[in-house]
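A structural walkthrough
Here's the letter readout for the chains.
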Amino acid sequence: MLLFRTGRALTILGVIIALLLALMVRVAYLQTCFRQQHLLSARRQTHTTIRVVARRGSIYDRNGHELAGTIQTAGVYIDPAFMLRHYQQNGRNLNQMDMDLARLATILDCRTDDLVRLISENAGERYIRVAEHMSDRVAEAVTALNLPGVGVEPMCARVYPMGSLAAHVLGTVGADGQGLEGVELRYHRELAGRDGWRRVEKDARRRPISIAADDFVLPQHGGHIMLTLDAAIQSIVEEELAEACRTFRAPRGEAVVINPHTGEVLALANWPTFHPQNLGDSTAEMRLNRSVVVPYEPGSAIKPFIMGPALAWNVTRPEELWPIPAITYVTPYGRRVTDVHFYGRLCTWDVLVKSSNIGMAMLSARMGNASLHRALRSFGFGQVTGIELPGEDEGRLNPLPRWTRYSTESVAQGYELMVTPVQLARAFSVFANGGRLIKPRIVLGRIDARGDLVPDPRSAGAASSCPQVIDEQTAALMRRIMADVVVRGTGTKARSPYWNFFGKTGTAHVSRGRAGYASDLFNSTFIAGAPLENPRVVIAMTIHEPDRRLGHYGGTVSAPAAGRILQRTLEYLQVPPSPPLSMPPPQVIAVLHNFRAELYQQPRASAE
Amino acid sequence: MYKLALCILFMLGGGAVMLALRHQELEINHRIVALQSRIQSRQARLWNQHVQIGIVTSPEAVRRSISEDMALVPEFTLPDRPSSQRLASARHR
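Everything numeric here is computed off the predicted structure, so don't read it as measured data. (Residues numbered from 1 in each chain as written. Chains lettered and ligands numbered in written order. Predicted model: local features only at pLDDT ≥ 70, side-chain atom pairs only at ≥ 80, totals over all residues. Heavy atoms only, no water.)

**Observations concerning the pairing of strand β8 (residues 224–227) of chain A**
All names here are of chain A. Here is the rule: Between buried and exposed lies partly exposed: a residue is buried under 20% and exposed over 50% of the maximum accessible area for its type, with that area taken using a 1.4 Å probe on protein chains only. Secondary structure follows DSSP: runs of H or I at least 4 residues long count as helices, runs of E at least 2 residues long count as strands, and numbering of each begins at the N terminus. At least two DSSP bridges between two strands are needed for those strands to be called paired.
Taking every second residue as pointing to the same face, both faces of β8 are buried, with H224 and M226 on one and I225 and L227 on the other. Pairing of strand β2 (residues 59–60) with β8 involves two bridges; the strand directions are parallel. Looking across to β8, one finds that Y60 is bridged to M226. Sheet analysis places β8 next to strand β17 (residues 443–447), joined by four bridges and oriented antiparallel. Looking at β17, one finds that L227 is bridged to V443.

**With respect to the nonpolar core**
Residues and elements named next belong to chain A. Quick note on the threshold: What makes a nonpolar core is a set of buried Ala, Val, Leu, Ile, Met, Phe, Trp, Tyr and Cys residues whose side-chain atoms join them at distances within 4.5 Å. Reported domain spans reflect what an automatic or database domain assignment gives. The contact criterion used is simple: two residues touch if any of their non-hydrogen atoms lie within 4.5 Å.
Of all hydrophobic cores here, the largest spans 130 residues; its most connected members are V169, L227, V257, F305, L376, F381 and M541. Looking at which element gives the most residues to this core, the answer is helix α19 (residues 472–488), with nine residues. Residues from two domains meet in this core; each of domain 1 (49–203 + 210–227) and domain 2 (231–274 + 294–448 + 461–600) gives at least three. Ignoring any residue separated from it by four or fewer positions in sequence, one finds M541 in contact with E240, L241, A244, E254, A255, S524, T525, F526, S558, A561, A562 and I565. The next biggest cluster of nonpolar side chains, apart from the first, holds 21 residues, and it includes L84, M134, V142 and L147.

**Observations concerning helix α10 (residues 231–247) of chain A**
In plain terms, the rule: To estimate how far a helix should reach, multiply one less than its number of residues by 1.5 Å.
For α10(A), built from 17 residues, the straight-helix expectation of 24 Å at 1.5 Å per residue is met to within 8% by its first-to-last C-alpha distance of 24 Å. Most of α10(A) is tucked away, with 13 of its 17 residues classed as buried.

**As for the sheet that holds strand β21 (residues 537–544) of chain A**
Residue and element names in this part refer to chain A. To keep things clear, this is the line we draw: For helices, the fitted axis covers only the stretch in contact; all axes are lines through C-alpha atoms, and the angles between them, taken along N-to-C directions, range from 0 to 180 degrees.
The five strands are arranged β10-β9-β21-β20-β19 in an open sheet whose pairing can be described as antiparallel. Of all the strands in the sheet, just β10 (265–271) and β19 (502–511) have a single pairing partner and so form its edges. Geometrically, the sheet is characterised by an average inter-axis angle of 10° between neighbouring strands, direction not taken into account. Two elements, strand β20 (residues 517–530) and β21, share eight bridges in a ladder whose sense is antiparallel. Each bridged residue has a counterpart across the sheet, and for N523 the counterpart in β21 is H544. Contacts from helix α18 (residues 421–432) reach β9 (252–258), β10, β19, β20 and β21, with the element oriented near 145° to β21. Contacts from α19 reach β19 and β20, with the element oriented near 70° to β19.

Now the structure itself:
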């Protein structure tokens with residue numbers, strides 16, 4: 001029989017009370033001194049936060065072809081501090097670790113020595129990424145190894161299904177997912193989305209075992225964007241531009257194709273181009289979107305933008321004759337203006353068709369600097385177009401007070417002002433759409449969750465609200481005059497057997513700044529629209545510094561390629577062929593230089 | 001003494017049940033996490049396949065669209081409509 005002994009009971013009670021007191025002291029210590037640190041430490045030991053990556057939105061062309069997309073790949077990381085501690089504490093040694101790393105290196109297709117050195121050199125670090133953009137198969141193999149301190153995390157990779165197509169428009173994305181250029185930069189906020197995260201409870205081997213509902217924030221995936229570009233037209237333009245640059249051994253060139261009624265850019269190309277996924281293979285110079293960013297002097301391509309207002313403001317008439325005294329004309333204050341050929345008398349119509357510098361100098365002198373400046377300003381030169389691409393240059397159009405008496409002839413020949421190809425295409429659209437200065441746009445809109453297109457409020461605008469630069473009749477007259485440029489003027493190499501084009505060539509010496517102009521370097525430009533009866537597309541194309549031995553005039557270098565682009569684009573758009581081109585009005589025919597009616601009836605023969 | 005043993009026994013039993021329930025909760029949570037990971041990986045695979053489809057089909061579709069032998073130009077012609085001459089004449093009346 002057990003006996004109750006007071007002494008023994010008191011001893012046990014004392015021990016229990018002592019233990020309880022010790023426990024209370026410990027609890028009090030944990031709850032008061034360094035409470036936050038202890039809580040954080042406990043959370044770190046039992047929980048881990050996993051980033052849930054948001055997918056960057058895709059970019060599509062106007063027909064839904066994916067131009068840029070995102071795929072999810074896997075990255076492999078190592079926690080060197082945890083790994084070393086684990087192998088040292090669990091009765092294993094570092095040799096075992098090296099053997100495990102050798103297995104990992106085999107899967108990752110890298111050298112074991114590199115992995116071992118990486119870990120020994122970063123022994124105190126908690127996170128080192130050792131492999132990026134691994135396939136699912138590799139990720140599963142790494143996970144199956146079940147190595148302590150080695151983990152697999154999802155990561156996103158930007159891919160461009162169409163390769164280098166429209167690279168300058170799309171731009172690039174950096175390794176951190178930040179848009180660097182082009183639409184990727186301009187619309188980064190819309191495309192990027194926002195990463196989510198989840199805080200999970202983990203076991204001793206750091207494997208996630210549970211998650212609370214409050215600890216899960218869903219990622220907001222990036223939105224999709226649809227561009228105005230048409231991948232097919234873009235392909236045509238890039239192909240022809242590259243071919244022209246190679247043929248004439250030109251270091252660079254640009255081409256822009258635009259819908260003159262809506263301002264939608266159907267294609268925008270620069271050469272040389274680059275692959276957005278292989279940035280290492282390209283230089284910053286190659287990635288420059290010169291069509292928007294780098295202005296140049298357009299040469300004679302500026303002449304329609306002077307003659308159009310001159311006709312609209314009744315400064316001259318198409319049949320008015322200008323006395324061209326010689327191949328070189330000296331202005332009253334001693335400025336020499338030279339033509340390529342001597343024509344004798346030229347009517348206003350032919351001044352544009354034959355691109356006479358002397359005729360334009362005389363016309364500009366009659367207009368005066370103020371009217372000239374107003375005319376060019378009204379076509380949007382010297383101002384940004386507002387296209388949704390980063391870094392757009394406004395070109396150069398000096399303020400009127402800075403113009404001198406020499407500016408009159410310089411500007412008339414396309415010097416002393418600078419334009420970008422996008423500005424040229426926009427300005428030329430005025431003639432194609434009946435006189436309105438539209439705003440070029442590259443983004444159609446966003447694609448919402450249901451897959452519907454939501455027009456971009458920043459770029460959508462009624463074409464009818466655009467300013468009227470010249471009246472519709474003058475625009476039609478200018479189109480008809482410039483159709484003659486392609487039939488019997490400087491742009492005959494652009495002529496199509498099926499459609500009537502209207503266009504203007506331009507050739508300008510390349511400026512060397514204070515050193516003057518290079519005598520043997522040229523910018524060769526051709527701007528055109530088609531078809532004449534109801535223009536569907538306008539193109540501005542410039543080839544810079546072609547090999548002079550092969551050709552340097554806009555009509556020789558740029559016009560053939562631009563003509564092919566127009567023809568292939570109209571074929572693709574299934575535009576019905578044009579009716580035969582009508583003759584100029586009789587009063588104009590009477591004064592045209594070396595007029596031959598058969599040129600209008602044999603388009604195929606003259607195109608060849 | 002028997003009462004004490006009975007108490008300890010019941011406490012042990014209660015503890016075992018609690019542990020089993022806790023284990024079950026952890027097990028279910030673990031399965032939820034695994035399921036969630038699977039959903040995300042399936043979603044990612046779907047995106048990847050979507051892009052893969054684009055890579056395989058889009059360039060070919062565009063190439064076909066612009067190939068020169070498609071003869072996209074319609075065979076018919078519009079009736080003769082010399083609008084440009086009419087406009088040009090109207091301007092100089």
